[in-house]
Amino acid sequence: MGFFLETLIGGLMSGMLYGLVALGFVLIFKASGVFNFAQGAMVLFAALAMARLSEWLPALAGIDSKWLGNALAFAAALVVMVAVAWLIERLVLSKLVNQEGITLLMATLGIAYFLDGFGQTLFGSEIYKIDVGLPKDPIFWLESVFEGGILINQEDLYAAGIAALLVVGLSMFFQFTATGRALRAVADDHQAAQSIGIPLNRIWVIVWSVAGFVALVAGVIWGSRLGVQFSLSLVALKALPVVILGGLTSVPGAILGGLIIGVGEKLSEVYVGPSLGGGIEIWFGYVLVLFVLLVRPQGLFGEKIIDRV
């Protein structure tokens, strides 16, 4: 039972990290109705900005405090991501207002490749580290109950707490603020939203900025765990089944979908993998989503859309 609980908790922690990346997909889709293929590139770009600025800014300002240097670098990286959001809206999205969804989707794919290449040009192509002070030493729980206790990664615990706070904050933002309601109106119908005076360009800058903030948080956490390298953008591929399972329009669904897939892939790898030769973690999420889509195409927590003609 102790080993089972350890595997279960590890799956929950991994699921929270997947959900953190999936949040960016949900935010863009909620506001524009577009599946943002650039989210993985945004996570990588944000992580690169944080890693390099945490080296450059303290050296330039003569700051010895790691906490102050990281805070300054995070603020500067957030400014960078907001600037990226503004440029995306000004140079790309504003030219594609009221275009077909496939056109906007291909635009985000082009943005992804550009950010990958521009990030390498601007920040370099080495493997960088992010050290924000998250504790990396594991801890043991329930040692009096189970022999040896249950091994828990402290860094994953902190990441789970951060993801939970983001979900609560974003859910309240979409539900209770005028800007959040405007974002949902734009997602439902661009032309109708414009006809009642909602500034589409400003709304898109806001949502891409918020998605950039989420990408920065996800990039800092993943970069702290794995190091900042260009394979980091592939983390978004792990988030694809999460966001589809949870529902493209559900902020809490992104986290719940991540928990389901995180737990499922860990348990299946440990208990079923040895009899199948292993590697279940790689494809488990995609197969699970395939079966769910056959029954509930909008995902477990997505909104069911009915078109009347």
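Quick caveat, the model's predicted, so the values are computed rather than measured.

Quick notes on the overall build of the protein chain
When its secondary structure is counted, the protein chain shows 12 helices and two strands. Here the C-alpha radius of gyration of the protein chain, 20 Å, is about what a compact globule of 309 residues would show, namely 19 Å. Looking at the protein chain as a whole, 47% of its 309 residues qualify as buried. Considering only intrachain contacts with a sequence separation of at least 6, the fraction spanning at least 24 residues in the protein chain is 75%.

Regarding the packing of aromatic side chains
Considering all chains together, one arrives at nine aromatic pairs under this definition. Ring-pair connections join several aromatic residues into one group, and the members of that group are F45, W56, F114, F118 and F123.

Concerning the nonpolar core
When a protein is soluble and globular, its nonpolar side chains tend to lie buried together. With 85 residues, the main nonpolar core has L20, V21, L23, F25, W208, W222 and V228 as its most contacted residues. A total of 14 residues in this core trace back to one element, the largest contributor, which is helix α8 (residues 200–226). Excluding residues that lie within four positions of it along the chain, V21 makes contacts with Q39, V43, A218, W222, V235, A236 and A239.

Here's the deal with the side chain of S224
With respect to the helices, strands and loops of the structure, S224 is situated in helix α8. Leave out the neighbours within four places in its chain, and S224 touches I130, L134, K136 and E155.

Points about the pattern of salt bridges
Under the counting rule described, the total for this entry stands at three salt bridges. As a salt-bridge pair, E281 and K266 come within 3.3 Å of each other at their nearest N and O atoms. In this pair, E281 is assigned in helix α12 (residues 280–295) and K266 in helix α10 (residues 251–271), connecting sequence segments 15 residues apart. Take K266: its relative accessible area is 25%, and that puts it in the partly exposed class.

Notes on the packing of helix α3 (residues 66–91) against α8
Interhelical geometry of α3 versus α8 gives an angle of 140 degrees and a closest axis separation of 8 Å. With respect to α8, the element α3 is oriented oblique. Crossing of α3 against α8: the hand is right-handed. Of α8, the residues touching α3 (which contributes F74, A77, L78, M81, V82, A85, W86, I88 and E89) are N201, W204, V205, W208, S209, G212, F213, L216, V217 and V220. Residues belonging to the contact of α3 with α8 are distributed by class as follows: 15 nonpolar, three polar and one charged.

Some words on the pairing of strand β2 (residues 150–153)
On a regular strand, each side chain points to the face opposite its neighbour's, so the side chains alternate between the two faces of the sheet. Alternating residues of β2 divide into I150 and I152, all buried, and L151 and N153, none buried. Of the pairings in the sheet, the one linking strand β1 (residues 138–141) to β2 comprises four bridges and is antiparallel in character. The residue bridging I139 from the neighbouring strand is I152, located in β2.

Quick word on α8
Helix length check: α8, at 27 residues, gives a terminal C-alpha distance of 37 Å against a target of 39 Å (1.5 Å per residue), a fit within 8%. Most of α8 sits inside the fold, with 20 of its 27 residues counted as buried. The first or second residue beyond α8 is G227, which carries a positive phi of 85 degrees.

Some details on the environment of A38
As for its position among the elements, A38 is in the loop between α1 (2–32) and α2 (39–61). What makes A38 buried here is its relative accessible area of 0%. Along the chain, A38 and M106 lie 68 residues apart, while their C-alpha atoms are 9.9 Å from each other. The residues touching A38, leaving out its near neighbours within four places in the chain, are T108, I111 and A112.

Observations concerning α1
Its 31 residues give α1 an end-to-end C-alpha distance of 45 Å, which sits within 8% of 45 Å, the value for a rise of 1.5 Å per residue. Of all the bends in α1, the largest measures some 30 degrees and sits at V21. Among the 31 residues of α1, 22 are classified as buried, and the element is accordingly described as predominantly covered.

Describing the environment of S14
Checked against the element boundaries, S14 lands in helix α1. On the basis of relative accessibility, which here comes to 11%, the residue S14 falls in the buried class. With 75 residues separating them along the chain, S14 and E89 place their C-alpha atoms 32 Å apart.

Here's the deal with the side chain of N36
Topologically, N36 is positioned in the loop between α1 and α2. Residue class for N36 comes out buried when judged on its relative accessible area of 0%. Polar side-chain contacts of N36 include one of 3.0 Å to the backbone nitrogen of A38. Only 3.3 Å separates the side chain of N36 from the side chain of Q39, close enough to count as a polar contact.

Scoring rules and cut-offs
- Residues numbered from 1 in each chain as written.
- Predicted model: local features only at pLDDT ≥ 70, side-chain atom pairs only at ≥ 80, totals over all residues.
- Heavy atoms only, no water.
- Helix = DSSP H or I, 4+ residues; strand = E, 2+ residues; numbered from the N terminus.
- Rg over C-alpha atoms; globule rule 2.2 N^0.38 Å.
- Buried < 20%, exposed > 50% of the residue type's maximum accessible area, 1.4 Å probe, protein only.
- Contact = heavy atoms within 4.5 Å.
- Phe/Tyr/Trp six-rings, centres within 6.5 Å; stacked < 30°, edge-to-face > 60°.
- Core = buried A, V, L, I, M, F, W, Y, C linked by side-chain atoms within 4.5 Å.
- Salt bridge = Lys/Arg side-chain N within 4 Å of Asp/Glu carboxyl O.
- Axes fitted to C-alpha atoms, helices over the stretch in contact; angles between N-to-C directions.
- Parallel < 35°, antiparallel > 145°, perpendicular 65-115°, else oblique.
- Left-handed = near helix turned anticlockwise from the far one by under 90°.
- Nonpolar A, V, L, I, M, F, W, Y, C, P; charged D, E, K, R; others polar.
- Pairing = 2+ DSSP bridges.
- Expected span 1.5 Å × (residues − 1).
- Bend = angle between axes of the 7 residues up to and from the residue.
- Polar contact = N/O pair within 3.5 Å; in protein donor to acceptor, adjacent residues only side chain to side chain.

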